[in-house]
Amino acid sequence: MTGQPANANLKGAFFLDEMVFHPSPEFRKNANVQDARIYLDAEENWLEYWNKEAEKLHWFQKWNFTLRWEQPFAKWFVGGKLNASYNCIDRHLHEGRKNKAAIIFEGEPGDSRVLTYQDLYREVTKFANVLKDLGVKKGDRVSMYMPMIPELPIAMLACARIGAVHSVVFGGFAAGSLRDRINDAGSKVVITVDGGYRRGKVLPMKKNVDEALKENDTVEKVIVVKRTGTEVDMVEGRDLWYHDLMKDALIGCPAEAMNADDMLFILYTSGTTGKPKGIVHGTGGYMVGVSSTHRMVFDIKEDDIYWCTADIGWITGHSYVVYGPLANGATTVIFEGAPDYPARDRFWEIIEKYAVTILYTAPTAIRAFMKWGDHWPAGRDLSSLRLLGSVGEPINPEAWLWYYNNIGKKRCPVVDTWWQTETGHIMVSSLPGISAAKPGSATMPLPGIEVDVVDPAGNPVPAGQSGLLVIKRPWPGMLLTVYNDPQRYVDQYWSEFENMYFTGDRAVKDKDGYFWMLGRVDDVINVSGHRIGTMEVESALVDHPAVAEAAVIGKTHEIKGQAISAFVTLRDNYVGSDELVQELKKHVAAKIGALARPDDIFFTAELPKTRSGKIMRRLLRDIADGKALGDTSTLANPETIAELKESYTD
Ligand code: WT7
């Protein structure tokens, strides 16, 4: 990439549409996608475009119709039969990749394991047989609560192989969140570990599972992988060790021929109510979407060492640590630990150690690296890198440029990829061999994808004006529904506008058609690239005996993007104190997980409300961000605001 920053002072700026970085001629020449006509061709016949992409996968039976669209329910590749695990493993055994590294695993303590595609075939088919022997059948749900170790993708692919539906729950969630997700899915089996490493300490993951299962009546077996050697209670008749089960398991297990629209997995995400939504993804459309976008956006080549740093417990990990890269026969790096343990150059050490060529990470991590100092990456050999990616939240231009200069050494294109748990795969991103990048913009929708910015009535807004981000036609990886709640699917995504999917995001399209994402419009906070519903945190707070009422908002944060601030009114007989603040923070972390721990808690006699009793979060957000207050005319209790402002600045 070449180009010169046009603006020296970047602080606070986001709209830098004058600063453009073009791919270098060399990158362009070798790129998987070099011809910008791909956009026009896809536009001309988008169904045919996806047909062609689908043909790159292995199908047991070809589809009859590319799309059956009964809004808002889409069926992609109708009549087609395939298996995700077959596409991620078996196919490569016949295509010369038998001895190629499929997974390079770096454990937190520094242990390392490499699994070739043949290794993966053996482990996955054995574990598929284990699950079958335990009575797991096509359509059954299996929950996983695990750290980033190879047994997690092995278990996911084993489920996919036999047609069971996996539901991975991020290992940082507390027992209560885990319980809700296991119960909602009605899982028959849970897979976990004795303990998980976190910065040298051990998280009691099995213990959390035991706690979660106290209020459950569907789980029959718990399979425990030994990772840390921590003592655990094994419940007689329910709990089984992974290594015991695998000892005598047979290698080889046929891959079930799944319908294209059969469920592949459920993944829970926060919404605007207290109850997490089980986002359901199918097999055919999802696999086409993730493999196609992974190949194009990351320009994946046979000898790449590709590393997406996301946890598999989030959609980024599902799509771009596991399914996308493995479907493309790539080598995917899995790292168990944290970026600052044992030292703040752990990422750069891993890149040096394995000669990583493609790095896909999040703006929150990049901002932390910036803060830690340039000497950490400078002390390691990063010359293997050739492409960088960003995901999870808008990347501010300062962070983009730092990433480009200090990690990519001005040699590597940066792709900023916008998408969601619901979209399954990347929707808006540059194609690194074609597009000119503008730092801070996710650039344009990928070929075949139609995204727009509209006003509340659904009309496109003029260039340069902000509006609501919508998707105007179905795409292969789109969610099938919300698990057990199709009405919520309709209400959440398809009721804001006629004929359009509403993303919940705000955006601006500039005069060149570049998209600048501006964050959520709903009551969802994006903390370090992870969605947390304000309602979930509020419910956790009011669950504490001291709390009468709580309002939770996202506050701008230097590293996390947004942090959680809570405004709390106390019940009679309770007085606010530093101890109570600490206790409430702990309470939320124990209820939901450390990721939901509020940064600040403020006590107030009253919350600002409209006359109809609705909490005015906008005002709270303005107070928290230190902004001038917007319209307060609809406020029922204006005096509250003055008091709040005072206590906030104290
Ligand atoms: C929300 C989706 C799938 C990515 C991981 C998060 C925000 C995501 C970007 C980006 C600006 C972004 C949006 C989106 N977001 N990527 N490149 N630029 N915003 O998945 O938890 O489902 O959250 O993350 O607000 O709606 P998620």
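What counts and how
- Residues numbered from 1 in each chain as written.
- Predicted model: local features only at pLDDT ≥ 70, side-chain atom pairs only at ≥ 80, totals over all residues.
- Heavy atoms only, no water.
- Domains from an automatic or database assignment.
- Contact = heavy atoms within 4.5 Å.
- Buried area = accessible area lost by both parts, 1.4 Å probe.
- Salt bridge = Lys/Arg side-chain N within 4 Å of Asp/Glu carboxyl O.
- Phe/Tyr/Trp six-rings, centres within 6.5 Å; stacked < 30°, edge-to-face > 60°.
- Helix = DSSP H or I, 4+ residues; strand = E, 2+ residues; numbered from the N terminus.
- Buried < 20%, exposed > 50% of the residue type's maximum accessible area, 1.4 Å probe, protein only.
- Lys NZ or Arg CZ within 6 Å of the ring centre and 35° of its normal.
- Pairing = 2+ DSSP bridges.
- Polar contact = N/O pair within 3.5 Å; in protein donor to acceptor, adjacent residues only side chain to side chain.

Digging into the domain arrangement of the protein
If you check the domain split of the protein, you get domain 1 (2–438 + 456–507) and domain 2 (524–649). Relative to domain 2, the C-alpha centre of domain 1 lies at a distance of 32 Å. Contacts between the two partners involve 24 residues from domain 1, matched on the other side by 21 residues from domain 2. Taken together, the two surfaces of domain 1 and domain 2 that pack against each other cover about 1,700 Å², and 49% of this comes from carbon and sulfur. Of all residues in domain 1, Ser 270, Trp 314 and Thr 364 bury the most surface against domain 2, accounting for 27% of the area lost on that side. Scanning the region where domain 1 abuts domain 2 turns up two salt bridges. Close ionic contact of Glu 558 with Lys 371 constitutes a salt bridge, the shortest N to O distance being 3.8 Å.

Structural notes on the packing of aromatic side chains
If you walk through the whole model with that rule in mind, you get 37 aromatic pairs. An angle of 45 degrees between the planes, with centres 5.1 Å apart, marks the rings of Phe 73 and Tyr 489 as tilted. Of this pair, Phe 73 sits in strand 2 (residues 73–78) while Tyr 489 sits in helix 17 (residues 486–494), and the two are 416 residues apart along the sequence. Each ring, one from Phe 265 and one from Tyr 286, has its centre 5.0 Å from the other, and the planes form 85 degrees; the classification is edge-to-face. With Phe 265 in strand 14 (residues 263–269) and Tyr 286 in helix 11 (residues 284–297), this residue pair connects regions lying 21 residues apart in the sequence. On the basis of relative accessible area, Phe 265 is assigned to the buried category, the value being 0%. Relative accessible area serves as the criterion here: at 2%, Tyr 286 is assigned to the buried category. By way of ring pairs, the aromatic residues Trp 69, Phe 73, Trp 475, Tyr 489, Tyr 493, Trp 494 and Tyr 501 are connected into one cluster. Positioned over the ring face of Phe 173 is Arg 181, at 4.3 Å from the centre of the ring.

Quick notes on the sheet that holds strand 6 (residues 141–145)
The strands that make up a sheet are held in pairs by hydrogen bonds between backbone atoms, and each pair lies either parallel or antiparallel. In spatial order, the strands read 12-11-8-6-7-14-15-23; together these eight strands make up an open sheet with mixed pairing. Edge strands, defined here as strands with exactly one partner in the open sheet, are strand 12 (239–241) and strand 23 (481–482).

Considerations on the side chain of Lys 100
With respect to the element layout, Lys 100 can be found in the loop between helix 5 (90–93) and strand 4 (101–106). Note on Lys 100: relative accessible area 15%, which makes it buried. Here the side chain of Lys 100 touches Gly 329 through a polar contact of 2.7 Å, landing on its backbone oxygen. Beyond its immediate stretch of four places on either side in the chain, Lys 100 contacts Leu 115, Thr 116, Tyr 117, Glu 302, Gly 329, Ala 330 and Thr 331.

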